[in-house]
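Secondary and tertiary structure notes
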Amino acid sequence: MFSAETLQGKHIVVTGGGSGLGLEMARGFLSVGASVSLIGRNRARLEQALKDLGGDGTRVLLHPCDVRSYEEVQNTFSSIVEHTGRVDGVVNNAAGNFYCASEDLTSNGFRTVVDIVLQGTFNWSQVFGSYLIEHSLPGSILNIVATYSHFGSAFVLPSACAKAGVHALTQTLGVEWAHHGIRVNAVAPGPFPTEGAWSRLIPDEKIEQRYKRLLPTRRFGEKSELANLAIFLLSDLSPYITGECIYIDGGEHLRGGSFNFLLEYFEPEDLKKMFRGLKSKSQAQK
Ligand code: HXC
């Protein structure tokens, strides 16, 4: 279905593009002719991503930027447009997540994840969308939600709330901006192994095996499968799709995709102990 020209001449911004699924989607966009801007907080990680992509800095631009800051997003967007002359798509992929019993969450812990996921998606969508509207240009926004966006999930309250908000944002802007030629869609990935998600959410073999058993396909996703869907939704192959959320999860959500399954296998106190251990480990690595 795709050719080397599917995204030819288009410039796509990928937030959280320095690693994991963001990096793999960027790789996919490059393979079908696009140029990309990778957005991330950590410059060293972005430099590593450039090496991984085999880029020389002509088709891959790097922009350190914290998606939580509207001002940083505005400045970054302006400098991309100055450099490339155009932006055709934005993928709101930057995310934060961790397990925590909700009674143990701090206000700042909740806010941090909501700021990255929901506020960050708003910031990029609004800055990009208002630019397109001002210049009468078409464009496409792709948001990343989760299999638990509709029904929530135990132990990831901030992420569940933020992803539900991103889904509402997708449907709202899908309608509001359609007549401007701006499409706004979402994908809801099931489990795709990445260092960021696995170290926080699938920390041991036992959990991994139990999770896999819940999946109708009995396997995790391949990153290239997600990249293909993202290419399709950003390209001119899907001009009549907007406000939509497509699950790419091997059927997981039909079986109630979420981390609720942990309650079936572990005692609440043991889970809390595990969550505290994960928090200490991630803080020690900072
Ligand atoms: C409880 C925690 C915590 C944890 C941080 N906090 N980690 N609380 N359990 N494990 C609290 C801190 O105590 C602090 O609150 C507040 O959150 C901010 O923490 P910081 O470490 O200062 O924040 P920051 O450095 O900005 O890091 C943000 C982060 C971090 C979200 C906490 O995890 C991160 O950078 N994540 C990015 C990558 C990521 O998460 N990838 C996974 C995405 S997977 P106090 O009150 O103490 O100040 C995904 C989809 C999953 O989204 C679906 C898969 C199947």
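The following paragraphs examine the structure supplied in this document. Only a predicted model underlies this, so the values are computations on that prediction, with no experimental measurement involved.

Turning next to the pattern of salt bridges. Applying the stated criterion across every chain, the model contains nine salt bridges. In this structure, Lys-272 engages Glu-103 in a salt bridge whose closest nitrogen and oxygen atoms are separated by 3.0 Å. Placement of Lys-272 in helix 10 (residues 268-285) and of Glu-103 in the loop between strand 4 (89-92) and helix 4 (107-134) is noted, with a sequence separation of 169 residues between them. The class of Glu-103 is exposed, set by a relative accessible area of 58%. Lys-272 is paired through a salt bridge with Asp-104; the nearest N and O atoms lie 4.0 Å apart. Placement of the pair is Lys-272 in helix 10 and Asp-104 in the loop between strand 4 and helix 4, with a sequence separation of 168 residues.

Moving on to the pairing of strand 4. Burial along strand 4 is two-sided: the face carrying Gly-89 and Val-91 and the face carrying Val-90 and Asn-92 are both buried. As paired strands, strand 1 (residues 11-15) and strand 4 are joined by three bridges and run parallel to one another. Note on strand 4: the bridge partner recorded for Ile-12 is Gly-89. In terms of handedness, the path from strand 4 via helix 4 over to strand 5 (residues 139-144) forms a crossover that is right-handed.

What follows covers unusual backbone geometry. With a phi angle near 50°, Ser-136 is a residue other than glycine that sits in the positive phi range. The residue Ser-136 is located in the loop between helix 4 and strand 5 in this model. On the basis of relative accessible area, Ser-136 is assigned to the exposed category, the value being 66%. Unusually for a residue other than glycine, Arg-218 sits at a positive phi of about 55°.

Moving on, we get to the nonpolar core. Counting residues in hydrophobic clusters, the biggest one holds 32 residues, and the most contacted among them are Ile-12, Met-25, Phe-29, Val-36, Leu-38, Val-60 and Val-91. For this core, the leading source of residues is helix 8 (residues 223-234), giving seven residues. Those residues in contact with Leu-38 that lie beyond four places of it in its chain are Val-14, Gly-17, Ala-26, Leu-46, Ala-49, Leu-53, Val-60, Leu-61, Leu-62 and His-63. Membership of the second largest hydrophobic core comes to 23 residues, among which are Ile-116, Trp-124, Ile-182 and Val-184.

Once that is clear, we can look at the sheet that holds strand 2 (residues 35-40). The strand order 3-2-1-4-5-6-7 describes an open sheet built from seven strands, whose pairing is parallel. Of all the strands in the sheet, just strand 3 (60-64) and strand 7 (245-248) have a single pairing partner and so form its edges. Going from strand to strand, the sheet's axes swing by 20° on average, the running direction of each strand aside. The sheet contact formed by strand 1 and strand 2 spans five bridges and is parallel. Paired with Thr-15 across the bridge in strand 2 is Ile-39.

What follows is about a positive patch on the surface. A surface patch of like charges, here positive, comprises Arg-41, Arg-45, Arg-200 and Lys-286. Position of Arg-41 relative to the elements: it lies in the loop between strand 2 and helix 2 (43-52). According to the relative accessible area criterion, Arg-41 is exposed, its value standing at 59%.

Parameters at a glance
Residues numbered from 1 in each chain as written. Predicted model: local features only at pLDDT ≥ 70, side-chain atom pairs only at ≥ 80, totals over all residues. Heavy atoms only, no water. Salt bridge = Lys/Arg side-chain N within 4 Å of Asp/Glu carboxyl O. Helix = DSSP H or I, 4+ residues; strand = E, 2+ residues; numbered from the N terminus. Buried < 20%, exposed > 50% of the residue type's maximum accessible area, 1.4 Å probe, protein only. Pairing = 2+ DSSP bridges. Right-handed = clockwise from strand over helix to strand, strands pointing away. Core = buried A, V, L, I, M, F, W, Y, C linked by side-chain atoms within 4.5 Å. Contact = heavy atoms within 4.5 Å. Axes fitted to C-alpha atoms, helices over the stretch in contact; angles between N-to-C directions. Patch = residues over 30% accessible without salt bridge, like charges linked within 9 Å, V, L, I, M, F, W, Y side chains within 5 Å. Areas by Shrake-Rupley, 256 points an atom, 1.4 Å probe, with all protein chains shown as cover. Lys, Arg positive; Asp, Glu negative; His and termini not counted. Charge placed at Lys NZ, Arg CZ, Asp CG, Glu CD.

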